[in-house]
Amino acid sequence: MRARLEAAPLPAAAQRELAAFDAATTRPDGRAPGALDLFLGEFRIRARLWLLRRSCSRRAWISPPVHDRVTLAAENAAVARRLAHLQRTRRLFAVWHVFHQPLVYVMFVIVAIHVA
């Protein structure tokens, strides 16, 4: 689908706006977003998407290729954001296991002492 959409002709200004949206909503360095982005990132992406769609309609770029590219850019931003948060969650669970495993063994010892 991406290859088909990239083959569709778009105005140069529309391509620049889509590239700016992609750059603003994805992190090229691959790092996970900060804790504040966990709560406000979705609103930031939706606001940028709304501005992009408004800009496209204001400039009369209402055509199926433009609409499809905007939709693809929005999906790409959502997937990139989810991936970054999943990576952060995986690291947090790895740290959580370091604390949780010794706690489980201590609890088993306490239960054994209690039963005895």
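These figures come from a predicted structure and were not determined experimentally. (Residues numbered from 1 in each chain as written. Predicted model: local features only at pLDDT ≥ 70, side-chain atom pairs only at ≥ 80, totals over all residues. Heavy atoms only, no water.)

K.L.:
Residues and numbers for the overall build of the protein, please.
P.N.:
A count of helical and extended segments in the protein gives 4 helices and 0 strands. At a minimum sequence separation of 6, the contacts of the protein that also span at least 24 residues come to 79%. About 8,700 Å² of surface is accessible on the protein, with carbon and sulfur atoms providing 67% of the total. (Helix = DSSP H or I, 4+ residues; strand = E, 2+ residues; numbered from the N terminus. Contact = heavy atoms within 4.5 Å. Areas by Shrake-Rupley, 256 points an atom, 1.4 Å probe, with all protein chains shown as cover.)

K.L.:
With reference to specific residues and values, describe the packing of aromatic side chains.
P.N.:
In this structure the tally under the stated criterion is 1 aromatic pair. With a centroid separation of 6.0 Å and 80° between ring planes, the pair formed by Phe 93 and Trp 96 is classed as edge-to-face. Of the two residues, Phe 93 and Trp 96 both sit in helix 4 (residues 64-115), 3 residues apart, roughly one turn of that helix. Of the residues examined, Phe 93 reaches a relative accessible area of 47% and is grouped as partly exposed. Relative accessible area serves as the criterion here: at 39%, Trp 96 is assigned to the partly exposed category. (Phe/Tyr/Trp six-rings, centres within 6.5 Å; stacked < 30°, edge-to-face > 60°. Buried < 20%, exposed > 50% of the residue type's maximum accessible area, 1.4 Å probe, protein only.)

K.L.:
Break down helix 2 (residues 12-25) for me, citing the residues and quoting the values.
P.N.:
Compared with the 20 Å implied by 1.5 Å per residue over 14 residues, the 20 Å span of helix 2 between its first and last C-alpha is a close match. Where helix 2 is concerned, the buried positions are Ala 13, Ala 14, Leu 18, Phe 21 and Thr 25. Mapping the buried residues of helix 2 onto a view down its axis gives an arc of 135°, with all of them on the same face. Among the exposed residues of helix 2, those oriented more than 90 degrees off its buried face are Arg 16 and Ala 23. (Expected span 1.5 Å × (residues − 1). Arc of directions from axis to C-beta.)

K.L.:
So what's going on with a nonpolar patch on the surface? Which residues, and what values?
P.N.:
A cluster of nonpolar residues, Phe 99, Leu 103, Val 106, Met 107 and Ile 110, forms a patch on the protein surface that exposes about 470 Å² of accessible area. Within the secondary structure, Leu 103 is located in helix 4. What makes Leu 103 partly exposed here is its relative accessible area of 37%. (Patch = residues over 30% accessible without salt bridge, like charges linked within 9 Å, V, L, I, M, F, W, Y side chains within 5 Å. Salt bridge = Lys/Arg side-chain N within 4 Å of Asp/Glu carboxyl O.)

K.L.:
Give a detailed account of the nonpolar core, specifying residues and quantitative values.
P.N.:
Core analysis: the largest hydrophobic core is formed by 12 residues, namely Leu 10, Leu 18, Phe 21, Ile 45, Leu 49, Leu 52, Cys 56, Val 66, Val 70, Ala 73, Ala 74 and Ala 77. Elements supplying a minimum of two residues to this core: helix 2, helix 3 (35-58) and helix 4. In terms of residue count, helix 4 provides more of this core than any other element does, 5 residues in total. If near-sequence neighbours (up to four positions away) are discounted, Val 70 is found in contact with Leu 18, Leu 49, Leu 52, Arg 53 and Cys 56. (Core = buried A, V, L, I, M, F, W, Y, C linked by side-chain atoms within 4.5 Å.)

K.L.:
Which residues make up the confidence of the model for the protein, and what values do they have?
P.N.:
Per-residue confidence for the protein gives a mean pLDDT of 78, with 80% of residues at or over 70. Within the protein, the lowest mean pLDDT, 66, falls on helix 1 (residues 2-7), and the highest, 85, falls on helix 4. (pLDDT = per-residue confidence, 0-100.)

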